[in-house]
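# Geometric and topological summary
As a plain string of letters, each chain reads:
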Amino acid sequence: MNITASDLILLAHAGFGVTGCLAALWVIVETLNASSSNAARIRSAALLTAVCIAAAWIFGGYWYVHFYAPEKALILKGPWPFAHDIFMETKEHLFFITGILAFLLPIATRDVLHSNAVARRLVLAVASLIVVTGLVVEGAGAVIGHGVKIALLRGGAQGGTK
Amino acid sequence: MNPGNASQNKLSPATAGYVMAATVAVLFNTALAWIKDSSPALNNFMKSLTGHHWTTHGLADLILFLVLGMVFSKSGMAEKMDSGRLITALIAATAVAALGLGLWFAFV
């Protein structure tokens, strides 16, 4: 087995990202059933969302800055250059929006949700936007990974026939 | 817990301020991505600040969100606005900013 630091950092990025999305989904479920008894749980889930997305930001950012360049070169020479040109370019900037929303969520859950319909609506909106944008970012990551894979596979196949 | 809004259908001053800050920050994020993508000079300048344009971009978004959040919360500016409209503005800004990024990198 040969697992590099780059592999671990990339998997941590995706893992924290998806855990952040699940935590935001947890916030939605709790908020739909908001009462005085689950107020602390809602705030904990919101904090978990922010912490996970922050960790995904740090791990993903470190990997992108230090390890992405060779993969980018492979993608651009391969059959799916749009995996970088469209998907990575969009993902790397869309992620900031998910991050801002994730940092807003713990602030939004400080209001008294069970007696304030507007505050509940805000929390549901922010958490839903985190889930949607987060899943788009996760999906874009899959396309980027596939862009590298088929560049290697088809590049290798072409190399074998020439 | 933010006091004073428990029985009102209104966001607290702190929450309203940070919602407004987030609305501005998500739109700023997309605008900066567009400008940076069409201006190599700006891209290089941002790279010179932290070593990578993406790092600078993220820090700029974060600082803008936090600073505006503090300003809007303390000034009471956001609190004066209708809370429902603030939420709608945040949803609309997120949708526009996200679509703006996708369409820009797909077609420009």
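Going by the structure above, here's the rest.
This text gives an overview of the structure that appears in the document. (Residues numbered from 1 in each chain as written. Chains lettered and ligands numbered in written order. Predicted model: local features only at pLDDT ≥ 70, side-chain atom pairs only at ≥ 80, totals over all residues.)

### Thoughts on the overall build of chain B
- If you tally the helices and strands in chain B, you get four helices and zero strands.
- Written out in order from the N terminus, the α and β elements of chain B read α-α-α-α.
- Taking 108 residues into account, the globule formula puts the C-alpha radius of gyration at 13 Å, and chain B, at 16 Å, lies well above it.
- Considering only C-alpha atoms, chain B reaches an extent of 50 × 30 × 20 Å along its principal axes.
- Burial statistics for chain B: of 108 residues in total, 42% are counted as buried.
- Contacts in chain B between residues far apart in sequence, at least 24 positions, make up 71% of those at least 6 positions apart. (Helix = DSSP H or I, 4+ residues; strand = E, 2+ residues; numbered from the N terminus. Rg over C-alpha atoms; globule rule 2.2 N^0.38 Å. Buried ≥ 20, exposed ≤ 12 C-beta atoms within 10 Å, placed from the backbone. Contact = placed C-beta atoms within 7 Å.)

### Thoughts on the overall build of chain A
- When you go through chain A residue by residue, the secondary structure sums to four helices and zero strands.
- Each principal axis of the C-alpha distribution contributes one length, and for chain A these read about 70 × 30 × 20 Å.
- Across the 162 residues in chain A, those meeting the buried criterion constitute 47%.
- Contacts spanning at least 24 positions in sequence make up 81% of the contacts within chain A whose residues lie at least 6 apart.

### Remarks on the packing of helix α3 (residues 82-108) of chain A against helix α3 (residues 53-75) of chain B
- Where α3(A) meets α3(B), the closest approach of the two axes is 11 Å, and the angle between their N-to-C directions is 25°. Relative to α3(B), α3(A) is oriented roughly parallel. Here α3(A) and α3(B) pass one another in a crossing that is right-handed. Where α3(A) abuts α3(B), its residues A:Glu92, A:Phe96, A:Ile100 and A:Phe103 lie against B:Trp54, B:His57, B:Gly58, B:Asp61 and B:Phe65.
- When the residues that make up the contact of α3(A) with α3(B) are grouped by side-chain class, the tally is five nonpolar, two polar and two charged. (Axes fitted to C-alpha atoms, helices over the stretch in contact; angles between N-to-C directions. Parallel < 35°, antiparallel > 145°, perpendicular 65-115°, else oblique. Left-handed = near helix turned anticlockwise from the far one by under 90°. Nonpolar A, V, L, I, M, F, W, Y, C, P; charged D, E, K, R; others polar.)

### Examining the packing of helix α1 (residues 5-32) of chain A against helix α2 (residues 39-77) of chain A
Residue and element names in this part refer to chain A.
- One can describe the packing of α1 onto α2 by two numbers: an axis separation of 7 Å at closest approach and a directional angle of 155°. As far as their axial angle goes, α2 and α1 are roughly antiparallel. Crossing of α1 against α2: the hand is left-handed.
- Here the residues of the contact of α1 with α2 are counted per class, giving 20 nonpolar, eight polar and two charged.

### Some thoughts on the environment of A:Pro70
Residues and elements named next belong to chain A.
- On the secondary structure map, Pro70 appears in helix α2.
- On the basis of neighbour counts, which here come to 10 C-beta atoms within 10 Å, the residue Pro70 falls in the exposed class.
- In sequence terms Pro70 and Phe103 are 33 residues apart; their C-alpha atoms lie 32 Å from each other.

### Some thoughts on the interface of chain B and chain A
- Contacts between the two partners involve 38 residues from chain B, matched on the other side by 31 residues from chain A.
- Breaking the side of chain B that touches chain A down by element, the ones donating at least two residues are α1 (13-38), α3 and α4 (83-107) of chain B.
- In terms of residue count, the dominant contributor to the side of chain B that touches chain A is α4(B) (twelve residues).
- Across the side of chain B that touches chain A, the residue classes tally to 20 nonpolar, 16 polar and two charged.

### Section: the environment of B:Ala95
- Mapped onto the elements, B:Ala95 comes out in helix α4.
- Separated by 59 residues in sequence, B:Ala95 and B:Lys36 place their C-alpha atoms 21 Å apart.

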